[in-house]
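These are the residues of each chain, in order.
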Amino acid sequence: MIEMIRQILQNHPEVDAFTIGAELTESLELFFIRRELDMNRAKKVAHYRVTVYKDFEADGVRYRGSAQVEIHPTLSGPEIRRAVADAVFAAALVRNPWYPLVEPAPLIVEAPPGNFGTGDLADWLPALTEALYRNDCHEAGWINSAEVFLNRIKLRLVNSAGVDRSRVAYGAELEVIVNWREADHEVEIFRDLHFAAFGPDAIAAQVREMLHYGREKALARLTPALRQYTVILTGEPVREFFRYYQAQVGAQNVYEGTSLFKVGQSVQGDAVRGDRISLSLDPTLPFSTASSPFDPDGLPVQPVVIVRDGRLLRYRGDTRYASYLGVPPTGNIANLVIDGGSRPLAELKADPYLEIASFSDFQMDPLTGDFGGEIRLGWYNDGHQTVPVSGGSISGNIRAVQEEMYLSRELQQENNFVGPQSVKLLNVSVTGAQ
């Protein structure tokens, strides 16, 4: 199929360059109600995505327009030619400054070895199920339902500059809902877990934590109105919190003027009294479904430090936006690593705090730094006791808190993110539920 698409593109007189991405996915799926298997199914799907480029000049400026089209595997030759012609027409309307395609080059690193590639894919389903239900052993709390997806993905990337790369990737996804009942009050907790290699203890630990959170939420009081208070973000929301820095160090945001970060300057202001962040990209991160020796454009990638001790060393960017800025590309690496801080979490809790582990929808605006969300589960410490709380919300701006924030020494991994387990922020606005 790829060869037919490539020949059509090479023979089209108005296609100046092209990229073809093929993705063949073999998937096994299990659907559980409580502990009973309700349904299982298997599927194989193929996607062919073509990007065509049209080069032209206007007013003495060189442009490269592009348009993407998905080629269904059952399309005939004439149907593919029509789809390509439509894409060429659309590409000619796009005035992007010209940029080069990735050229052939040797790979620098290898993808981390996963274990799903050993043996038959179906052999892993019993082990995944055992790890999923290992801690489902409480009378008041249980796994309500779960969906298990295990994928083997054959990827191939071809471009008109001569790049031809392929690899096999594996990815598992667990969608889990647990319930916990206290007296006549029942709560529900949901998580969507992604990973590229089998780690039974990590899966079991996630379910154990979900059941613990379910019990705490069932017992939670309403969050008091605390006005300005010390807030500790723990677990899931930490990743979203750091999305601000991930965006602001991006070459695309710098080029488009939505980031004012400058290489060599501090990303946290001029009077940092707390922990200074260090941010890096690691395409070899174990267990991450985003680990790959090359980026989506085919560029060989390797681990790279972007921010060290709060100071920006370089921008992260793909070939296109790095070309616009005139800097070396890091490649489009989706694995983000934030170093831990110097203090253990226990020290961050030395003073009264509100620790929040779950929001209904915690959001960080990657451009303005505004953050906030409604509290689903937290723990309020008034200096004497700690009680679970729910309801109310927090809001703030990262620029107002970044000069004195503290990162836990303990780390967590959530698929393609490794970072501190917790982040302590001072003087965050807390609106109570009572």
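As annotated in an unreviewed UniProt entry, the protein is PmbA protein from Hydrogenispora ethanolica.

> Kindly report on the UniProt feature "domain: Metalloprotease TldD/E C-terminal" (unreviewed entry) in the protein, identifying the contributing residues and their values.
According to UniProt, the feature "domain: Metalloprotease TldD/E C-terminal" (unreviewed entry) maps to residues 228–432 in the numbering used here. Within residues 228–432, the helical portion is 16% and the strand portion 35%, while the C-alpha atoms at the span's ends are 11 Å from each other.

> Tell me about the pattern of salt bridges, residues and numbers included.
Counted by the stated rule, this structure contains 20 salt bridges. The closest approach of N and O atoms between arginine 215 and glutamate 216, which form a salt bridge, is 3.3 Å. Its relative accessible area of 11% is what places glutamate 216 among the buried residues. Several salt bridges converge on common partners, so that one network encompasses Glu3, Arg6, Arg156 and Asp164.

> Run through the domain arrangement of the protein, naming residues and quoting values.
Each domain of the protein was delimited in the assignment, giving domain 1 (1–216) and domain 2 (221–433). Relative placement of domain 1 and domain 2: their C-alpha centres are 25 Å apart. Facing the 32 residues of domain 1 at the interface are 31 residues of domain 2. In total, domain 1 and domain 2 occlude about 2,600 Å² of area from one another, counting both sides; carbon and sulfur atoms represent 67% of this. If you look at where domain 1 meets domain 2, you find 1 salt bridge. Between glutamate 236 and arginine 191 there is a salt bridge; the shortest N-O distance is 3.9 Å. Looking at the side of domain 1 that touches domain 2, the element that brings in the most residues is strand 5 (residues 164–182), giving 5 residues. By residue class, the composition of the side of domain 1 that touches domain 2 is 20 nonpolar, 7 polar and 5 charged.

> Now, about unusual backbone geometry: what can you tell me, with residues and values included?
It is generally the case that most residues other than glycine have a negative phi and that most peptide bonds are trans. A positive phi is found at aspartate 59, a non-glycine position, where the angle reads about 55°. Residue position: aspartate 59 is located in the loop between strand 2 (36–58) and strand 3 (61–71). The phi dihedral of asparagine 427 is positive, around 55°, even though this residue is not glycine.

> Help me get a handle on the side chain of serine 280, residues and values and all.
By secondary structure assignment, the location of serine 280 is in strand 9 (residues 279–281). Those residues in contact with serine 280, other than ones at most four positions away along the chain, are Val304, Val305, Ile306, Asn335, Leu336 and Val337.

> Could you give me a rundown of the nonpolar core, with the residues and numbers involved?
Membership of the largest hydrophobic core comes to 52 residues, with the highest contact counts inside it found for Phe241, Phe242, Tyr245 and Ile394. Per-element tally for this core: the top contributor is strand 21 (residues 422–431), with 4 residues. Split by domain, the residues of this core number at least three in each of domain 1 (1–216) and domain 2 (221–433). Contacts of phenylalanine 241, omitting those with residues within four sequence positions, involve Leu233, Phe362, Met364, Phe371, Ile398, Met405, Val423 and Leu425. Phe32, Phe116, Tyr133 and Leu193 belong to the second largest nonpolar core, which has 31 residues in total.

Analysis parameters
- Residues numbered from 1 in each chain as written.
- Predicted model: local features only at pLDDT ≥ 70, side-chain atom pairs only at ≥ 80, totals over all residues.
- Heavy atoms only, no water.
- UniProt positions renumbered as here; feature names shortened; annotations may be inferred.
- Helix = DSSP H or I, 4+ residues; strand = E, 2+ residues; numbered from the N terminus.
- Salt bridge = Lys/Arg side-chain N within 4 Å of Asp/Glu carboxyl O.
- Buried < 20%, exposed > 50% of the residue type's maximum accessible area, 1.4 Å probe, protein only.
- Domains from an automatic or database assignment.
- Contact = heavy atoms within 4.5 Å.
- Buried area = accessible area lost by both parts, 1.4 Å probe.
- Nonpolar A, V, L, I, M, F, W, Y, C, P; charged D, E, K, R; others polar.
- Core = buried A, V, L, I, M, F, W, Y, C linked by side-chain atoms within 4.5 Å.

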